Amino acid sequence: MVMLYLLSLGCVRRRFYRFFVRSHWILFIVILVSAVLHGSVIALVGILPWELDVVYRLVYRSRIYNNGTIFGRKSGSLSNDLNTRTATKNTNRLGVAAQDQLEIFQLPDDITCIRFPRVRPDTGEEFKYKAGQYAFLCVPILSSLEWHPFCFSSSPCEDYVTFHIKAVGDWTMQLLLAAPEARNEGKASFEVLIDGPYGNLSIDIEDMVTYSHFVLFAEDMGVTSMRSIVNWLYSQCYSQKPRSLHRLRFIWSVSDSEILRAALMRVDIGRMTRDPYLPDVLLCPTTLNTSDETFFTEIYLTRGLAGAQIPPDPRLRKCLWFNRRPDTGRILREMGQQATKLGKSRIAVLVSGTESMAKEVIEKTTSSHFDHNATGYESDGW
């Protein structure tokens, strides 16, 4: 037990993750076998719920998402005829995140993009998730034992389910090297298993009555989950039955212009019901991005273009600040004043960034007006 604790310390887990995983499996088996040999057979009963959960999540559900059946895809082709397609959908489920419809490619700044259709075009099967949730990903050609959590960078209203994964460790670096450098090299050449979605925000952003004012803080790759949330709120604001959203202020502190370019790069193809706020609407020439608009974005480039205040994209001039960090206190005070003028008493504040950023925002939201949801990650990963 002491070894399990020592090997789970952050200095070991983050620097030698694979050693951490393998050593814990070995020590777990050793402890279990030792318990049985010493007469504690009841220990096998204690781990039964865990075993069932592992089989369901990592063996059954991930294979259903990928193939539609646990034993693999059945033979036979789909007909373009509507009646044949309907019959095939009921008798030969093909899964949602199938390899032949999966795209994996590299983006600037060592970022890997993984995406697949939210609604599979040939069967109509849908991958359902909520903004701000995450899923565990496994790439068998890298390791069948490693499952890593990543937030969805797409919103549930977009045509594609998307992940943006920054290479910061052994597994993510191997994923980057395995991904094609250019997107036009075709579909994925290897399988990706998905277990999810999981998680939920502590703030009910679907509550149209309580929250009409939002402040979203993101730092570096923490923008992935915030991108999902802001695009979902934008779609809700301008849907057929729009919600009452008075103000949304999106604050993104980014240290590298390459991260900025990768996160705002448009990779969708085909027609969409409505363009997402990030990046399409924000970068649209007709969007002025002024503080009196419903959606207002501020991007702070803390470094990466020091001494040269030229945005990586000219369309970013209206929302980009150089060599400075956001004034959290001022932003929250201004939002509080706007809400008070409209007679609103609650403001939803969401944070996705380093632990220091999350703590700073939490300290500034001591007023009863603010309800916050903070997700912090260590500075060298997420």
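Residues numbered from 1 in each chain as written. Predicted model: local features only at pLDDT ≥ 70, side-chain atom pairs only at ≥ 80, totals over all residues. Heavy atoms only, no water.

**Q** Give a detailed account of the overall build of the protein, specifying residues and quantitative values.
**A** Scanning the protein for helices and strands turns up twelve helices and twelve strands. A total of 382 residues make up the protein; the buried ones form 48% of that total. Here the analysis covers contacts within the protein between residues at least 6 apart in sequence; of these, 69% occur between residues at least 24 apart. Looking at the protein as shown, the accessible area adds up to about 19100 Å², and 56% of this sits on carbon and sulfur atoms. (Helix = DSSP H or I, 4+ residues; strand = E, 2+ residues; numbered from the N terminus. Buried < 20%, exposed > 50% of the residue type's maximum accessible area, 1.4 Å probe, protein only. Contact = heavy atoms within 4.5 Å. Areas by Shrake-Rupley, 256 points an atom, 1.4 Å probe, with all protein chains shown as cover.)

**Q** Could you give an account of the pairing of strand β1 (residues 103-107), naming the residues involved and the relevant values?
**A** For β1, the tally of buried residues reaches four of five residues, placing the bulk of the element in the interior. When β1 meets strand β2 (residues 111-117), the two strands line up antiparallel, connected through five bridges. Note on β2: the bridge partner recorded for I104 is I114. Connecting β1 to the antiparallel partner β2 that follows it, the hairpin turn spans three residues, and D109 within it adopts a positive phi of roughly 65 degrees. (Pairing = 2+ DSSP bridges.)

**Q** Report on the confidence of the model for the protein, specifying residues and quantitative values.
**A** Per-residue confidence for the protein averages 78 on the pLDDT scale, and 80% of its residues sit at or above 70. Within the protein, strand β5 (residues 160-166) carries the highest mean pLDDT (93), whereas helix α6 (residues 82-91) carries the lowest (38). Segment residues 74-93: pLDDT under 50, and 20 contacts once partners within four positions in sequence are set aside and those in other chains are kept. Low pLDDT, under 50, characterises residues 376-382; the predicted model gives this stretch 28 contacts beyond four residues in sequence or across chains. (pLDDT = per-residue confidence, 0-100.)

**Q** Any details on the UniProt feature "transmembrane region" (unreviewed entry) in the protein? Residues and values, ideally.
**A** Here, UniProt's "transmembrane region" (unreviewed entry) annotation points to residues 25-50. In the segment residues 25-50, helix accounts for 81% and strand for 0%; the C-alpha atoms at its two ends are 14 Å apart. (UniProt positions renumbered as here; feature names shortened; annotations may be inferred.)

**Q** Tell me about the sheet that holds β5, and please be specific about residues and values.
**A** Each strand in a sheet pairs with its neighbour through backbone hydrogen bonds, running either in the same direction (parallel) or in the opposite one (antiparallel). As summarised here, the arrangement of the three strands in space is β1-β2-β5, forming an open sheet in which the pairing is antiparallel. Looking at strand neighbours, the two that pair on one side only are β1 and β5, the edges of this open sheet. Here the strands of the sheet are splayed against their neighbours by 20 degrees on average, with no regard to which way each runs. Of the strand pairs in this sheet, β2 and β5 are connected by seven bridges, and their pairing is antiparallel. Bridging from a neighbouring strand, R115 pairs with T162 of β5. Across the sheet, helix α7 (residues 170-178) is in contact with β1, β2 and β5; its angle to β2 comes to roughly 70 degrees. (Axes fitted to C-alpha atoms, helices over the stretch in contact; angles between N-to-C directions.)

**Q** Can you tell me about the pattern of salt bridges, naming the residues and giving the values?
**A** According to the stated counting rule, one finds nine salt bridges in the structure shown. One salt bridge connects K166 with D109, and the closest N-O pair in it is separated by 2.6 Å. With K166 in strand β5 and D109 in the loop between β1 and β2, the pair connects residues that are 57 residues apart, well separated along the chain. The pair formed by K166 and D109 is uniform in burial state, with each residue classed as buried. Connected through shared salt-bridge partners, R249, E298, R330 and E334 make up one network. (Salt bridge = Lys/Arg side-chain N within 4 Å of Asp/Glu carboxyl O.)

**Q** How would you sum up the packing of aromatic side chains? Please name residues and give values.
**A** This model, assessed by the stated rule, comprises 16 aromatic pairs. Judged by centre distance (6.3 Å) and plane angle (55 degrees), the rings of Y211 and F214 are tilted. By the burial criterion, Y211 is buried, and F214 matches it. Ring geometry for Y300 and W321: centres 5.5 Å apart, planes at 25 degrees, overall stacked. Taken as a pair, Y300 in strand β9 (residues 295-301) and W321 in strand β10 (residues 320-322) lie far apart in primary sequence, 21 residues in all. The exposure class of W321 is partly exposed, given its relative accessible area of 26%. Here the aromatic residues F116, F127, Y129, F152 and F163 are joined through ring pairs into a cluster of three or more. The ring of Y160 carries the charged tip of R115 above its face, separated from the ring centre by 3.8 Å. (Phe/Tyr/Trp six-rings, centres within 6.5 Å; stacked < 30°, edge-to-face > 60°. Lys NZ or Arg CZ within 6 Å of the ring centre and 35° of its normal.)

**Q** Now, about a nonpolar patch on the surface: what can you tell me, with residues and values included?
**A** Residues V2, M3, Y5, L6 and L9 make up a contiguous nonpolar surface patch of roughly 490 Å² in combined accessible area. Relative to the elements of secondary structure, L9 occurs in the loop between α1 (2-7) and α2 (10-13). (Patch = residues over 30% accessible without salt bridge, like charges linked within 9 Å, V, L, I, M, F, W, Y side chains within 5 Å.)

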